[in-house]
Number of protein chains: 2
Amino acid sequence: MPRNAPVLRIDLASARPVYEQIVSGLRALLVKGEFEPGDQLPTVRQLAIDLGVHHNTVAEAYRVLAAEGWLDLRRGRGAVVIDRRGPKATAGAKHGFARRLEELVAKAISDGVPRATIAEHIGAFAKKLGKT
Amino acid sequence: MPRNAPVLRIDLASARPVYEQIVSGLRALLVKGEFEPGDQLPTVRQLAIDLGVHHNTVAEAYRVLAAEGWLDLRRGRGAVVIDRRGPKATAGAKHGFARRLEELVAKAISDGVPRATIAEHIGAFAKKLGKT
DNA sequence: GGGCATTGTCTATTGTATACGTACAATGTA
DNA sequence: TACATTGTACGTATACAATAGACAATGCCC
């Protein structure tokens, strides 16, 4: 039984590929627990209309998430959230995360965000994450 | 007077554009303070050889960093690190950072990295950042 | 000052990826 | 069984990434 679909916002003007934004945004919602296993996601056509893109673009995003084990896709039925058992993290995954984090923070600093602001935000995020 | 150039590692097999990896990696080093204003960066050709790519690929990365105010580029002279005065952060920059962070963490969790590990890593990172 | 190597820049060219248009196949429903 | 719904497959237009190679500005050495 699907709840009200959480809002997913994308930036059509961004250089970042739209399908990638959809993947990343939906994955964040899934990890956050915004969907229960068995929940229906919007159909590729419906979400495409909402976002103002072609339905194949959404379909591509859904396929990525399906490959990661988040979704079950079937014609005529739609996209259903799966009770997912995540993989074990590889050393590369951890290392890659650490590097990406450093680069992301460096970008923010380069953009003028004060270090204190970033540190505060990150610290709060870590605290919230630890409680889960 | 240039120091020994810190190692910059890129992944040619990654789908992420090489020039973007170079930009992101070098920016992180610059923010970290690995270079002093006035330091020479490797020439586009030298770094290209080190990384195994074409010198135009490195040149493109250097141009991005120059546009951000990190580098001064001149023919015959090379790439010199500038004493940079960063911009003031826009609201969009802060917001974008927050979203990207959430997506990055979600990806790591999806890849199987334990939440506790991430929280720990982020927390330590925030602490180190706050001290600066 | 002249000659020459060095270094970043410019202009194609090629391969690849993104997004779209359209037709198709599988599923659900009346 | 019809028919609508939904994801999929395939072709195409366009933009981007990376390369190749020639060019222009600078520095250096005699």
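Note that the structure is a prediction, hence the values are computed from the model and not measured.

Calculation criteria
Residue numbers here run from 1 along each chain, matching the order of that chain's written sequence. Chain letters start at A and ligand numbers start at 1, both assigned in the order the entries are written. In keeping with the model being predicted, local features are shown solely for residues with a pLDDT of at least 70 and side-chain atom pairs are shown and tallied solely at 80 or more, while totals for entire chains, interfaces and linings include all residues. The basis for every side-chain value is the complete set of heavy atoms in the structure, and neither hydrogens nor water enter the calculation. Residue contacts are counted whenever heavy atoms from the two residues lie within 4.5 Å of one another. As a working definition, buried area equals the accessible area (1.4 Å probe) given up by two parts on being put together, with both sides summed. Here a salt bridge means any side-chain nitrogen of Lys or Arg lying within 4 Å of a carboxyl oxygen belonging to Asp or Glu. Nitrogen and oxygen atoms within 3.5 Å of one another constitute a polar contact, given that in protein one can donate a hydrogen and the other can accept it, and given that sequence-neighbouring residues count only through two side-chain atoms. Helix numbers and strand numbers start at the N terminus; a helix is a DSSP run of H or I with at least 4 residues, a strand a run of E with at least 2. Residue polarity follows a fixed list, in which Ala, Val, Leu, Ile, Met, Phe, Trp, Tyr, Cys and Pro are nonpolar, Asp, Glu, Lys and Arg are charged, and the others, Gly among them, are polar. Should DSSP find at least two bridges between two strands, the strands are regarded as paired. Each axis is a line fitted through C-alpha atoms, taken for helices only over the stretch in contact, and angles between the N-to-C directions span 0 to 180 degrees. A least-squares superposition brings the copies together, and it is based on the C-alpha atoms of residues with pLDDT no lower than 70 in both. In these notes, residues near a molecule or strand are those with any non-hydrogen atom within 4 Å of it. For a helix, the expected span equals 1.5 Å multiplied by the residue count minus one. Each residue is placed in one exposure class: buried if its accessible area under a 1.4 Å probe, protein chains only, is under 20% of its type's maximum, exposed if it is over 50%, and partly exposed if it falls in between. What counts as a domain boundary in this text is fixed by an automatic or database domain assignment.

*Asks:* Help me out: how do you make sense of the interface of chain B and chain A in this one?
*Replies:* The parts lose accessible area when they come together, and the size of an interface is often stated as this lost area. On the side of chain A, 44 residues touch chain B, which itself brings 44 residues to the contact. The junction of chain B with chain A conceals about 4,200 Å² of combined surface from both sides, 70% of it contributed by carbon and sulfur atoms. Linking chain B with chain A are four salt bridges, by the criterion used here. Along the contact surface separating chain B from chain A lie 15 residue pairs in polar contact (both at pLDDT 80 or more). Contributions of two or more residues to the side of chain B that touches chain A are made by α1 (18–32), α4 (91–110) and α5 (115–131) of chain B. Here the side of chain B that touches chain A gets 16 residues from one element, more than from any other, and that element is α4 of chain B. A per-class count over the side of chain B that touches chain A returns 21 nonpolar, eight polar and 15 charged.

*Asks:* Explain the sheet that holds strand β2 (residues 71–74) of chain A to me, please; I cannot follow it from the model alone.
*Replies:* Neighbouring strands of a sheet are bound in pairs by backbone hydrogen bonds; such pairs are parallel or else antiparallel. Residue and element names in this part refer to chain A. Sheet architecture is open: three strands sit in the order β1-β3-β2, paired in antiparallel fashion. In this open sheet, the two edge strands, each paired with only one partner strand, are β1 (40–41) and β2. Note that β1 and strand β3 (residues 78–81) share two bridges and pair antiparallel. Paired with Q40 across the strands is V80, a residue of β3. Where helix α3 (residues 55–67) meets the sheet, its contacts fall on β1, β2 and β3, and the angle it forms with β2 comes to roughly 125 degrees.

*Asks:* When you look at the sheet that holds strand β1 (residues 40–41) of chain B in this model, what are you seeing that I'm missing?
*Replies:* Residue and element names in this part refer to chain B. The sheet built from three strands is open, its strands ordered β1-β3-β2 with antiparallel pairing. The open sheet terminates on both sides in strands that have one partner only, identified here as β1 and β2 (71–74). Two elements, β2 and strand β3 (residues 78–81), share four bridges in a ladder whose sense is antiparallel. Considered in β3, the bridge of L73 is made with A79. Contacts from helix α3 (residues 55–67) reach β1, β2 and β3 within the one sheet, and its direction differs from that of β2 by about 125 degrees.

*Asks:* For this particular structure, what's the right way to read the relation of the copies chain B and chain A?
*Replies:* Relating the two copies of this chain is a rotation about some axis coupled with a shift parallel to it. Take chain B, turn it by 180 degrees, move it 0.0 Å along the axis, and it overlays chain A with an RMSD of 0.1 Å. Both copies are brought into coincidence by an operation consistent with a two-fold rotation axis. Using C-alpha coordinates, one finds that chain B approaches the rotation axis most closely at G123 of chain B, a distance of 2.7 Å. A share of 100% of interface residues in chain B that are also interface residues in chain A marks the association as one of identical surfaces.

*Asks:* Mind showing me how you'd approach the protein's contact with DNA strand D here?
*Replies:* The environment of DNA strand D is formed by 24 residues, the closest being R45 and N56 of chain A together with N56, T57 and R77 of chain B. Put simply, 62% of the atoms of DNA strand D that lie within 4 Å of the protein are in sugar or phosphate. Side-chain polar atom of H55 of chain A to a base oxygen of DNA strand D: 3.4 Å apart, as the coordinates give it. Going through the elements one at a time, α2 (44–51), α3, β2 and β3 of chain A together with α1 and α3 of chain B are the ones with two or more residues in the surface near DNA strand D. Among the residues making up the surface near DNA strand D, the classes are represented as seven nonpolar, 10 polar and seven charged.

*Asks:* How do you make sense of helix α4 (residues 91–110) of chain A when you look at a structure like this?
*Replies:* At 3.6 residues per turn, the α-helix brings residues three or four places apart onto the same side. Compared with an ideal rise of 1.5 Å per residue, which puts 20 residues at 28 Å, α4 of chain A spans 29 Å between its outermost C-alpha atoms and is within 8% of the ideal. Every buried residue belonging to α4 of chain A is among A93, F97, L101, E103, L104, V105, A106, A108, I109 and S110 of chain A, and all of these are buried. In this structure, the buried side of α4 of chain A is in contact with α5 (115–131) of chain A together with α1, α4 and α5 of chain B.

*Asks:* Looking at this structure, how should I read the domain arrangement of chain A?
*Replies:* Here chain A is described as being made up of domain 1 (18–81) and domain 2 (91–131). For domain 1 of chain A versus domain 2 of chain A, the separation of C-alpha centres amounts to 27 Å.

*Asks:* Honestly, the protein's contact with DNA strand C in this entry has me stumped. Any pointers?
*Replies:* Within the structure, DNA strand C sits among 24 residues, and V18, H54, N56 and R77 of chain A together with R45 of chain B are positioned closest to it. Among the atoms of DNA strand C lying within 4 Å of the protein, the sugar-phosphate backbone contributes 62%. Within the contact set of DNA strand C, a phosphate oxygen lies 2.8 Å away from a side-chain nitrogen or oxygen of T57 of chain A. The set of elements that each furnish at least two residues to the surface near DNA strand C consists of α1 (18–32) and α3 of chain A together with α2 (44–51), α3, β2 and β3 of chain B. A breakdown of the residues in the surface near DNA strand C according to their chemical character gives seven nonpolar, 10 polar and seven charged.

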